[in-house]
Structure formats: C-alpha cells, structure tokens
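These are the residues of each chain, in order.
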Amino acid sequence: MRSPPETRAGRRPGSDVLLYDDGCACCRASAAWLARRARRSLTLLPISAAQDRGLLEGLGERELWASAHFVTAAGVEYHGGAAMTQALRLGPGGRAWALLDLAPLSWLRDAGYALAVRLRGRIACAPGRPGAPR
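Here is what the cut-offs are and how they apply
- Residues numbered from 1 in each chain as written.
- Predicted model: local features only at pLDDT ≥ 70, side-chain atom pairs only at ≥ 80, totals over all residues.
- Heavy atoms only, no water.
- Buried < 20%, exposed > 50% of the residue type's maximum accessible area, 1.4 Å probe, protein only.
- Helix = DSSP H or I, 4+ residues; strand = E, 2+ residues; numbered from the N terminus.
- Pairing = 2+ DSSP bridges.
- Right-handed = clockwise from strand over helix to strand, strands pointing away.

(A) Fine view of the pairing of strand S2 (residues 16-20). For S2, a buried count of 5 out of 5 residues is recorded, marking the element as mostly surrounded by other parts of the structure. Residues of S2 alternate between two faces, with Asp16, Leu18 and Tyr20 on one and Val17 and Leu19 on the opposite face, all of them buried. Looking at chain direction, S2 and strand S3 (residues 42-46) are connected through 5 bridges and run parallel. Bridge assignment links tyrosine 20 to a residue of S3, and that residue is proline 46. For the segment spanning S2, helix H1 (residues 25-37) and S3, crossover handedness is right-handed. Summarising the sheet, S2 and strand S4 (residues 69-71) pair through 3 bridges and their orientation is antiparallel. Bridging from a neighbouring strand, leucine 18 pairs with phenylalanine 70 of S4.

So this is what it looks like as structure tokens:
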C-alpha cells in the first residue's frame, strides 16, 4: 500500500511529532531511538492518540495504521517513508537523509520502508530478539 501524500493537521501541534504503532515493539524502539538522537524536541505519540490531538484526521482507519506519521510543528503531515526521513533529519547528519526525499531516490526510500513494515515482526526490534535496541 502506498502512503498518502502530505496532508495538513487539523491543529498545529507546536512541536514536531512522530506518531507510531505503540503495539509494535520495533516501532516503539525505533521511535525512542529517533527521539534520543533528535537535535530539537520530538514528541512521540501513539497513533491511537492522534485524532484526539487533531492530527491525521484526513486519513482513513487503514491509512492511519499502515505506517508511521510525522507532523511538523506547523501542521504538515508526512506518512510512511517520508515520515521517517523527516524524523531522521532531526538527528546527526540530518541533511543527508533529505536526499532520500528527492524524486530519483524517494522510490528507494518507500520500497525500503515498505519492506521494513512487512518484516518488522521478524527483525531485531522484536521482543526477546538478540540485538534489540535498548
């Protein structure tokens, strides 16, 4: 499933927000890893709380749970692979991640993200797996 294009939040969150599936161990670990490395404030929010905050209101239930989402302080919503590169831009070497948002490379970003979503239960982030991020 392709991620929807950028959308606008019903309300501006005031800080950057990464919305993730808190029922997924890999998603929780990845979100925490990104937040620890962010150079400025990054709020982590479970997807289940998004609509209570006026975020992701334009997405259907299937789109909502299909991927991670990133919302800028100004209220621009990014989905899937684009959400991850937006979050990664906040960390060290952030400008390099922006290259994956360029048209020639965005297909590779999206394919990599789709593969990670399909395999997330089998990769090292899964509970009890050796090498899981702490």
